[in-house]
Structures are given as C-alpha cells and as structure tokens.
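Geometric and topological summary
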Amino acid sequence: MDVALPGRKRLLVAPIAIDLQKLLFSFSSFLAAAATLAIAFSASLPRPWWALLTVYVTAQPMAGAFRPKVLYRLGGILTGAGMTLLLVPNLQNSPELLVLCLAAWTGFCIYLAVLDRTPRAFLFQMAAFSSAVISFPYLDDPVNIFETSIARVQEMTVAILCVTAVHALLQPWSATPAIRARVQSFLGHARRWSAEALGSRHTRLEDEHRRMLAADVTELGMIAVHLPFDQRWAPATRRRVTALQQQLATILPLASAAANRLDRLREYGDLPPELEMLLSDIIDWLDDEHNRFQRVGALVKRCEAMASAAEARAGWNDLLMASACVRIAEFVTALAASQRLAGRIGSAGRPSPKYLAVEPFSLARDHGVAALAGMATATAIALYCAIWILLAWPNGSATAAFAALITCSFATQDDPAPVIGRYLMATLKTFPLAALYLFVILPRVDGYEMLIITLAPALLWMGYIQADPSRSPQALPMFSCFIVAMGFLARFQADFALFINTGLAQVGGIVTTLAVTRMFRSANVLWTARRILRANWAELAQLADIRRPFRADRWTARAVDRLGQVAARMAVASPGDALHAADGLADLRIGRNIIPIRRALPHVPHDVRHSLGAVLAGLAAFYGERWRRGHMDAPPKALVEPIDRALAALLTLSLDEHRRHALRALVGMRCNLFPAADPPDLRPMPAGERA
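Description of the structure in this document. (Residues numbered from 1 in each chain as written. Predicted model: local features only at pLDDT ≥ 70, side-chain atom pairs only at ≥ 80, totals over all residues. Heavy atoms only, no water.)

**Considerations on the packing of aromatic side chains**
The line we're drawing: Aromatic rings from Phe, Tyr and Trp, taking only the six-membered ring of Trp, are treated as a pair when their centres fall within 6.5 Å; an angle between ring planes under 30 degrees marks them as stacked, one over 60 as edge-to-face, and anything in between as tilted. Strands here are runs of E lasting at least two residues and helices are runs of H or I lasting at least four, both read from the DSSP assignment and numbered beginning at the N terminus. Residue burial is assigned from relative accessible area. The probe radius is 1.4 Å, only protein chains are included, and a residue is buried under 20% of its type maximum, exposed over 50%, and partly exposed in between. Our definition puts a charge over a ring when NZ of Lys or CZ of Arg is within 6 Å of the ring centre and also within 35 degrees of the ring normal.
Using the criterion set out here, one finds eight aromatic pairs in the structure. Ring geometry for Trp 49 and Trp 50: centres 5.0 Å apart, planes at 20°, overall stacked. Where Phe 108 meets Tyr 111, the ring centres are 6.3 Å apart and the plane angle is 25°; that geometry is what we call stacked. Remark: Tyr 111 and Phe 108 occur in helix H4 (residues 95–116); sequence separation between them is three residues, near one turn of the helix. When its relative accessible area of 44% is taken as the criterion, Phe 108 is described as partly exposed. The lysine or arginine in question, Arg 670, covers the ring of Trp 316, its NZ or CZ lying 5.2 Å from the ring centre.

See below:
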C-alpha cells in the first residue's frame, strides 16, 4: 500500500517543490522500463508493450510492500496461463461455454482475493486477469494459444524481474518507518481523545474518532505483513508489530469502557475527590511527552488500590468507581507497552520472550461479501463478452481484455464505479499525449537509445504521479493509455486507424465496465457494512454460548478489524441511516466482558454458576435474535434481572482473581446494555432463591 512518510527531503525549485523520494521511485521505474524494453527487443518478444506496461503495474513506492507482491504476481501469472491452456484448446469450438468458464474462473479468483485481505490476494488477482488478457484477444483464432501464453508469461516475467532488481538496488523507502509513523500517529490520537473522554469533554464525534483508530489498527497489520521482505531483522520486528497490534486493539475498548463508567458516575452526582485527582493526574500523564514511562507504575498502583477499596464497600457507585479505576489502569499499562514497542520497531535484537509466541493478528473474513464480489465480476465479464459476440464487433476481443483487466483490478472494492469513472477521465486526458508521441515525435526517433531518451519526460512524469498517494490512482490509466496506444513493437508502426481502434477498445472496455459496475455494485457498500455488523452479532452470540469453545485474543482482533471495516464505509451512509445507531464499540466491550465470565464458570459454586449461565444464555439469545433480524434492537429489559442476580451472588463470595474479573465484567455489561437503568439492589439473596 502507499503510505505517506514524514520528514521527506524536498528540493525546492521555485515555484515547483520536488519530492526527492518520489523522484527516486520514478527514476527507478524508468530504469526498469528501459531494461525491460532492451531485453524484449533483443529477445524479439512479440508484444514488448505488455512487458513495459507490466513494469508500471507492478511497481510500488514502498519496498516492503513491493517485494512480496512480486512473488505472488509471478505465481498468479503462471496460474492464469495454466488455466488458459487448460480451457481454450478444449473449448475452442464452444465459444459460449468457453466464455462462461473463463468468467467463472475469474469470479472464483476474485472471491479468493476479497476473502484473503493480505498481499497474497495479488496472486489471485493476477491469476484472474492474466488468464483474461491472454485468452480474450485470441478467442477468434485460438490455434496459437500455447505460443501466445508462453510469450505473455515471458514478457510479464521479464518486466517483474527487472523492476524487482532495479528497486532492490536503488532502495525505495522501507515499510518500517511507515509503521513507526502510523503507530506514533495512532498513539498521539489515542492519548488526545482519551484525555478528553476521561475529562468529560468528549462529544458525539468521539465514537467516529475511535472507529477510525480501529481502522488504523487493521491497516498496521497489513503493512506488517510486508516486513519479512523488508530488512534482515524483520522477523523480530514483525513479532513486535504483531504484539503492538494486540496492545493497540485493547486500548480501544479499555479507554471507552473507562469513559463509560465515568459517565454513569457523573449521572449519579459529582465524582469523589480522590477519583477527580486521579483523573487529573492521568490526563497530565497523557499530555506529558517526556516523563511518560517513569510515572506508569505509580499511576497503575493508585488505580488498583482505589479499585480494591471501592470493591470492598460493595455499593453500586463503588463498583462503578472500581470498574473505572481498573479499566484506567489497564488502559495506562497497554498504552505504555505500546509506546515501548513502537520505539523498538525496526531495531536489531531479539524481542522480549513474552512476544515470541504472539499469534498473528486475526482478520475477520466474510465469505458472503467475497462471493458477491466474485459473482459480480463473473457476471460483468459474461455480459460484455455476450455483447461482443452478439454484435460481432471486430475489436470486441480487445475491449473484453481491457474490461477484464479493469474489473479485476478494482473488484476488491465495495463500489468500484467512482474509481473506474476517474480511470476513464485519466485515460481520455492521456490520449492527446499518446497521439503526439506516436505521430509527431517517434517518427523522428532512430534507435533504442534515442527512444529511451525521448520517452523519459513522459514516463518520469507519470512515475512521479504514481509515487504520490493522493494522485496514484491516475497513474495506471495514464500508463495503460500511453503504452498500449503507441503499441511498442520491434518495428515502429504509426497507423492512425489502428490507433483509433485501440483507443476505442480501451474506452469501450472502461465504459462497459463502468456501466456493469453501476448496475451490480453501486448499492454494495452499505449492504456490506450491515453484513459486517451482523457477523459481529453472530460471533457475540457464539461467544456467549457456553457449549462452544472460544479464543479470546482472536475474537478481540476480529472485532476490532470489523470496527475498522465498518468505519471505512460509514462515510457513504446518509445521516438518518440506521447504520449510525450501531455502536460497534459497545459490542466490543460486551464481548470482552463475556470472556472473563466464561473463564470464571469453573471457579464458582454451582448456584453462582447457574446465575452466570443465565446471563450468558440471555446474551446469546439477544445477539442471536439481532443477527437473525438484522436490526439494532434494544436489549430486552428482562436481561437486567439475571445480571443483578449474578452480581449479588458474586458479592457473597470471597473474590479470587477469576471471581473479581467476572464481577467487573458484570458491572461493565450492565453499564453498556442498560445505561439508563436504576441502580441494582445488591443485597444478598437466600441461597434457595439464587438457585
């Protein structure tokens, strides 16, 4: 992925500011393009323009993001070519069946790409559109499909190897500074809104900020996947980043839980003076950039001592105060640990032993969303192939190839239509430049050396745009239009009719893809967001079901990941949409409260276990019903009574570690589910009534 890095050196040439790292990336890609053309011309490869286009399709400004994709793309090219050789010769006499099989194969690859959500997805995307661009242009005459497939594989492989070698030598910027910058930004933002929340200055925008932080946690993991390809001590750094993700994932529910308890306390009156003083010191600590680590231990001890004293009094306000103090202590500990890990990212040496066994951050995957993307892609390819065959359009095969390329490139997005629209505009803007080169400049060029010098201004300019994250989506259509329209071959050809037909094929492919996308995918964003919320409710129902096993860390990671996915889609929801009423943070806190209750079940007497089981059964039924209905229904009021019974039952026992955590979880659960409910009656009940 493209990540803007702070501290870049800039060369100021008034009135233009040139970013040296972007220029270095563009120059690296240009050298790779020059080497690729030299090899393609000397080896007499039939379509050098395919190799040249592949250089810029596969180039990535960040080295760590580029290297793993190289391996996956090579594997995808070979897989796509293999599928072409399997389908085309055997189905060449049944073009309709062949088109359906190719569309189904492409849709299946996109399904796997959307489901995977790691750099490995590029293998499936490349397998999808490499088979399409190899197959479709030659469906009318598939006799030489074997030689064609081998030639396409050679051209694309040469390009990928050249761009890999050049970028490895010139060292584009590493993924490690990007991770460090993203983490520091996350921690700074987390400190700011935490200080506001604890100080009662948070607003309705607070939830929106925290959802965006959840998206940052997921994106950090995506960058961390690239680290094994980035530096020699990357495995240690990757473990640190994975451990950091786990810490950052806990910061979200802990800080929001502390703010939730403080809100409940403020509703009942002023906060106790000792708690006000503690909050003031915590806020000062959050604002302190220099002595943060030295004060952590003292603050945590104060929180724990205040929580123990409050729990001993056993009143409802006391339990709220204890819960707030405990969550603040856990939040401070997680934030300090995150800060230490962030400072060690990219450094040599082994990580702490407690991080060696850290499991990778678990991503939430949705087979339904992936299947929809795959079916939409397959349907789009089948439709415009049907139009091409029914109209007997001479350039229809090229149009189908371009349409398949664009469809596969953007199929992982919920609604690709806006991006494809910008793709069309960038293509139209580049046609005059391609015509200028093809009919005015190139006829006066003689020899490979002059060709490279002549191409340098255009390719360096487009490469510089590609290195800019804000403008990089414009680069691919510009390269595609410029390179394909000129049709680099071993012998120069300036055929105006061919130029027009090629341009029409490109524009036709884009317009067809845009039309099909608007018909099938435009309403997909909100549908996907609601489906993600329902998946979270389904997992909460399973988490509360004592008959099912559970993995606490994996559930938390998936819940934070889903929170980030929903946040990325909230911007398209109308202000009155019910999606805004869904509080993913509250669901996340409730899930984290279910976990200690389940862990406490073997450590309590039978009658108390029955009370806790009634709470879990009520939660399983509530979230199961939410999942079935697909609506943000309020929790049933009948669930308050089992929670209050379980609270009163636990308070009659001596509190060991498991019972204490369960008690705090019940307090948090009641605050999240029933914030406006009256304080519970916590007087002990007779044993027979509890049972």
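**Concerning the pattern of salt bridges**
Spelled out, the test is: What makes a salt bridge here is a side-chain nitrogen of Lys or Arg within 4 Å of a carboxyl oxygen of Asp or Glu, nothing more.
Evaluated as defined, the whole model comprises 16 salt bridges. The shortest N-O distance in the salt bridge between Glu 330 and Arg 327 comes to 3.0 Å. With Glu 330 and Arg 327 both in helix H12 (residues 316–344), this residue pair falls three residues apart, about one helical turn. A relative accessible area of 11% places Arg 327 in the buried class.

**Some points on the side chain of Gln 125**
With respect to the helices and strands, the residue Gln 125 is situated in helix H5 (residues 121–135). A relative accessible area of 9% places Gln 125 in the buried class.

**As for the nonpolar core**
Which entries qualify depends on this criterion: Think of a nonpolar core as a cluster: buried Ala, Val, Leu, Ile, Met, Phe, Trp, Tyr and Cys residues, connected wherever their side-chain atoms sit within 4.5 Å. Pairs of residues are marked as contacts when any of their non-hydrogen atoms sit within 4.5 Å.
Of all hydrophobic cores here, the largest spans 101 residues; its most connected members are Tyr 56, Phe 136 and Phe 482. Excluding residues within four positions of it along the chain, Phe 136 makes contact with Leu 102, Ile 381, Cys 385, Trp 388, Ser 397, Ala 400, Ala 401 and Ala 404. One finds Trp 193, Leu 319, Val 326 and Val 604 within the second-largest nonpolar core, a separate group that totals 95 residues.

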